[in-house]
Amino acid sequence: MLNTDTRHAPPAGVIRHLRPSELGQFKAHLLRLDMESRRDRFNGPTNDAFLESYAERSFQRGTIVIGYVENGKVLGAAELHECAGEPTPTGEIAFSVERELQHRGLGSLLFERLIASARSFGYEKLNVTTHPQNEAMKRLARKFNASLRFEDGETQGVIEIEPPLPVPARPGVGSFAMA
Ligand SMILES: CC(C)(COP(=O)(O)OP(=O)(O)OC[C@H]1O[C@@H](n2cnc3c(N)ncnc32)[C@H](O)[C@@H]1OP(=O)(O)O)[C@@H](O)C(=O)NCCC(=O)NCCS
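What you are looking at is a predicted structure, and each value in this text was computed from that prediction instead of being measured.

Structural notes on the overall build of the protein
Part 1 of the reasoning: Looking only at helices and strands, the protein features five helices and seven strands.
Part 2 of the reasoning: If you list the helices and strands of the protein from N to C, you get β-α-α-α-β-β-β-α-β-α-β-β.
Part 3 of the reasoning: Referenced to the eigenvectors of the C-alpha coordinate spread, the extents of the protein come out at roughly 65 × 50 × 30 Å.
Part 4 of the reasoning: Residue burial in the protein is summarised as follows: out of 179 residues, 26% are buried.
Part 5 of the reasoning: Considering only intrachain contacts with a sequence separation of at least 6, the fraction spanning at least 24 residues in the protein is 62%.

So, in structure tokens, the structure goes:
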């Protein structure tokens, strides 16, 4: 008999950047988050109107959003919001995976891809904030070498990003470095 139990089937979608035209799908993802995930994600209760304007603001401001996408539907997201005015290029990052897909490795895959993106955009430091009871997020942050500290009732994580490698010198071509 055909096994139709898909609860533990491996995720079949892709991890990729969202296009500007995918604002609606990002919004729909945030709106599908259950109450507990919303509270964990935003460190407090959130209503639908807040989530809709949050998604719009993120896209207007050029936030990097990487999605876990299945059949055109965004079911997980990693975000990088630039922190303006910092002495080193810094981003604030955040993650959300819909309840049915949590604890299946997607958070880790999104994190890995977000770090690669941050590096290619020249970010040197990433901050992540969560509440101290959010074990999944703390574990995820530690896995990617975040140094965690407790401050004002929140857990703050910092990740240092290795700079991209310089363009390699090619024989017979003048160096790009200027004296
Ligand atoms: C945090 C979140 C993004 C993690 O996504 P995920 O797809 O479940 O992550 P993974 O499956 O890759 O698991 C990441 C790590 O957390 C651990 N973990 C996952 N769920 C856990 C749970 N409920 N309790 C304790 N640890 C948990 C996993 O074991 C894994 O650690 P390991 O690799 O050392 O075993 C997801 O739980 C989520 O969306 N939560 C609601 C929103 C939120 O809390 N966002 C973070 C604030 S920015």
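A short note on the site of the ligand
Part 1 of the reasoning: What surrounds the ligand is a group of 22 residues, the closest being Asp40, Gln102, Gly107, Ser108 and Ala136.
Part 2 of the reasoning: At the level of secondary structure, the elements contributing two or more residues to the shell around the ligand comprise helix H2 (35–42), strand S4 (90–97), helix H4 (106–120) and helix H5 (135–143).
Part 3 of the reasoning: Broken down by element, the shell around the ligand gets its largest block of residues, six residues, from H5.
Part 4 of the reasoning: The residue makeup of the shell around the ligand, split by class, is seven nonpolar, nine polar and six charged.

Regarding the environment of Ser117
Part 1 of the reasoning: Inspection of the secondary structure puts Ser117 in helix H4.
Part 2 of the reasoning: On the basis of neighbour counts, which here come to 17 C-beta atoms within 10 Å, the residue Ser117 falls in the partly exposed class.
Part 3 of the reasoning: Distance in space between the C-alpha atoms of Ser117 and Leu75 is 19 Å, their sequence separation being 42 residues.
Part 4 of the reasoning: The contact partners of Ser117, leaving out residues within four places of it in the chain, are Ile64, Ile66 and Leu80.

What about the sheet that holds strand S6 (residues 147–151)?
Part 1 of the reasoning: The mixed open sheet is built from seven strands, whose spatial order is S1-S2-S3-S4-S5-S7-S6. The open sheet has two free edges, formed respectively by strand S1 (14–17) and S6, since each of these has just one partner strand. Taking each pair of neighbouring strands and ignoring which way they run, the sheet shows an average axis angle of 25 degrees.
Part 2 of the reasoning: With eight bridges connecting them, strand S3 (residues 73–83) and S4 associate as antiparallel partners. Note on S4: the bridge partner recorded for Glu82 is Gly91.
Part 3 of the reasoning: Each of S1, strand S2 (64–70), S3, S4 and strand S5 (125–130) touches H4; the most contacted strand, S3, lies at about 40 degrees to it.

Thresholds applied
Every chain is numbered independently, its residues counted from 1 as its sequence is written. Local features in a predicted model are, by the rule used here, given only for residues with pLDDT of at least 70; side-chain atom pairs are given and counted only at 80 or more, and totals for whole chains, interfaces and linings are based on all residues. Strands here are runs of E lasting at least two residues and helices are runs of H or I lasting at least four, both read from the DSSP assignment and numbered beginning at the N terminus. Around each residue's C-beta, the other C-beta atoms within 10 Å are counted; 20 or more make the residue buried, 12 or fewer make it exposed, and counts in between make it partly exposed. All C-beta atoms are placed from the backbone. Our contact criterion uses C-beta atoms placed from the backbone: two residues qualify when those atoms are within 7 Å. Residue proximity rests on one test: whether the C-beta atom, placed from the backbone, lies within 6 Å of the molecule or strand. By the convention adopted, Pro, Cys, Tyr, Trp, Phe, Met, Ile, Leu, Val and Ala count as nonpolar, Lys, Arg, Asp and Glu as charged, and the other residues, Gly among them, as polar. Pairing between strands requires that DSSP locate at least two bridges from one strand to the other. Lines fitted to C-alpha atoms define the axes, with helix axes restricted to the stretch in contact, and inter-axis angles between N-to-C directions lie between 0 and 180 degrees.

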